[in-house]
Amino acid sequence: MDALYAVVVGFLFAIGVYLILQRPLVKLLLGIAVLGNAANLMIFVSSGARRLPPPLIPDGEKVVTTPIADPIAQAQILTAIVIGFGVLAFAVVLVHRVHQTSQIDGFDELTEGVGTE
Amino acid sequence: MIYTNLPALVLATPLLLACLCFAFARRRRVVQWVSLLGGVGWLAMAANLAMQVHAQGTMVTEVGGWDRHYGISFVADPLGAMMVVLAAFIQLAVGLAAHARLDRKAEAFWYHGLTYCLAFGVTGAFLTADLFNLFVWFEVLLIGSFVLMVHGGSDQQLAGGMKYVTLNLISSVMFLAGCGLTYAHTGTLSFVQLAQVGIPDGPAALLVLAFMLKASVVPLAFWMPASYPAAPTYTIALFSALLTKVGCLALLRTLGLLQNEIWFTVLGIGGVLSILVGSFGLIGQANLRRMLAFSSVSQVGYIAIAIALQQPAVVALLIVNHALAKGGLFLVAGEMERLTGQTNYRDMRGLAERSPALTWAFAVLAASLAGLPPTLGFFAKWDWLSTMADRPFLVILGLVGSAATLYGMVDVYLRAFATPGEAQEASSELSRRRQWLMNVGLGSLVVAVVALSSSPVVNDPVREAGAAFKGPLVSTATEEVKP
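This text gives an overview of the structure that appears in the document. (Residues numbered from 1 in each chain as written. Chains lettered and ligands numbered in written order. Predicted model: local features only at pLDDT ≥ 70, side-chain atom pairs only at ≥ 80, totals over all residues.)

With respect to the interface of chain A and chain B
In many reports, interface size means the accessible area that the parts give up when they come together. Each partner contributes to the interface: chain A provides 28 residues, whereas chain B provides 31 residues. Contributions of two or more residues to the side of chain A that touches chain B are made by α2 (25–46) and α3 (71–102) of chain A. Broken down by element, the residue count for the side of chain A that touches chain B peaks at 15 residues, all from α3 of chain A. Tallied by class, the residues present in the side of chain A that touches chain B amount to 17 nonpolar, nine polar and two charged. (Contact = placed C-beta atoms within 7 Å. Helix = DSSP H or I, 4+ residues; strand = E, 2+ residues; numbered from the N terminus. Nonpolar A, V, L, I, M, F, W, Y, C, P; charged D, E, K, R; others polar.)

Describing helix α9 (residues 201–215) of chain B
Residues and elements named next belong to chain B. Its 15 residues give α9 an end-to-end C-alpha distance of 20 Å, which sits within 8% of 21 Å, the value for a rise of 1.5 Å per residue. The buried count for α9 comes to 11 of 15 residues, which makes it a mostly enclosed element. When α9 is considered as a whole, its buried residues turn out to be P203, A204, L206, L207, V208, A210, F211, M212, L213, K214 and A215. Contacts from the buried residues of α9 go to α7 (155–186), α11 (233–255), α12 (262–283) and α13 (288–308). (Expected span 1.5 Å × (residues − 1). Buried ≥ 20, exposed ≤ 12 C-beta atoms within 10 Å, placed from the backbone.)

A few points about the sheet that holds strand β3 (residues 73–76) of chain B
Strand order in the open sheet formed by three strands is β1-β2-β3 (chain B), and the pairing between neighbours is mixed. The open sheet has two edge strands with one neighbour each: β1 (2–3) and β3 of chain B. (Pairing = 2+ DSSP bridges.)

Concerning unusual backbone geometry
Residue and element names in this part refer to chain B. In the segment running from V218 into P219, the intervening peptide bond is cis, with an omega of 10°. Locating P219 in the fold gives a position in the loop between α9 and α10 (223–227). The residue after P373, namely P374, is reached through a cis peptide bond having omega 5°. Along the chain, P374 turns up in the loop between α16 (356–370) and α17 (376–387). Backbone geometry places Q310, a non-glycine residue, at a positive phi of 55°. If you trace the backbone, Q310 turns up in the loop between α13 and α14 (312–340). A count of 15 C-beta atoms within 10 Å places Q310 in the partly exposed class.

Pasting the structure below:
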């Protein structure tokens, strides 16, 4: 199962990089979104993507003795998803605004006008 | 090792100030007073933290009482505490200048609150003790910087901001992937535990690349001259003083955790290239802001080489000097542009006659940047050169880089300040109150650069704070006593 996840993560990274290298800004955004998800999935797999009970200590015991899911990796992914969502929302608005004000859609065209005065 | 809430308190202050600024966003005067008085208070708290750390040793806050290897924790070691003081000082000084230059519309759009959001992220990054938390703090400061970058929303700013945002998002993904792989390999993210296990090569490559991009080390530095010049000068002053420093400190903290020592060499080569590219890049620039941005690349090169050779004391001196001098020079550049209405320094004339105070500020800050006495920059460069004494190539490189900076600065002085000419029309006039704010903000940076130059001779807080840095943040658990 881990091998399958590894292939999927690699595939997602490949798609993300491919999209970032395209000219249109919208594809750049999609690429960044895919890359972010690839990284999140990788953290998920890194903790061992198995079906395990949540890390709760049973009543009357001091420690957990049975195998449990790794809470640290899950906390990381949740944090990373929230951050990625917020940052991506900002990037979408930014691209929209760039398109609105300067009517450009390609990254190369951005070089015009900055520092060339 | 002392367990106390002080680091968390110092960290929470900018967040509180940001919230207050947002809450009173409609009342301009209130926001101005909150940001100024709050800035003074925060600086006092940071200085208090640094002094206590100096007197009693590293301080640790464990949030919620969780063991710091698993939960969120903040560790104020001497270097981190000193960096927080630096951040608070820059925030206040540049904030004064921003008060002088901001118009009503910009202030209404939450400018001051956003700078405190940025300061919150920067402080967190200086005080964190955990790789993943470092990622989170990077994101906090990045979001703040993204908004400040496009604040005002001119076409140029949007174009510059687009590049800045894209590059930083990509480096964030690399950083996150590096974190995930590190956890997969080692099962921990705390700096202390990582120092014992070591980060293997795969994640190490991702982390080093991400931090080199944030610190703008060549070959990952070209976003900086492309995007920084687009934003207003008081914003760039804040960015160039603080943001690249966070990247530098992250490099210093993590490089010692890597298993393979080749990454020191990689960073060293990046530093050499940075000095070359930055020095030769700045000579050709006509736009003052682009010139200063290239000079930042070359200064980061010095820092990168010092990190690669594991000289934390030199790193501390260089970071403090560059933050103060470059922050001040961007403010000077803003004033030069305002007084002449030009962005190309070759078109500026007669500034020495019009504003002697600005001329002096420029001269002192430029001297500190190039490394001439009697400024902090001289001691920073002197220390740098003396630690490289047995490497003649690096000594020559350092001198060449310094000479190039000096050449650029003298060129600006001769053309823009010393050349007499008919008075050019100022693009805007400052009221007396605003001029006073600008003078105090800029003046405090100039005074700091000169005053700190006496410190290596007298009591040396900066070098000492750097020298106290010993790789992993906290010593191993044996000697610790919990309350």
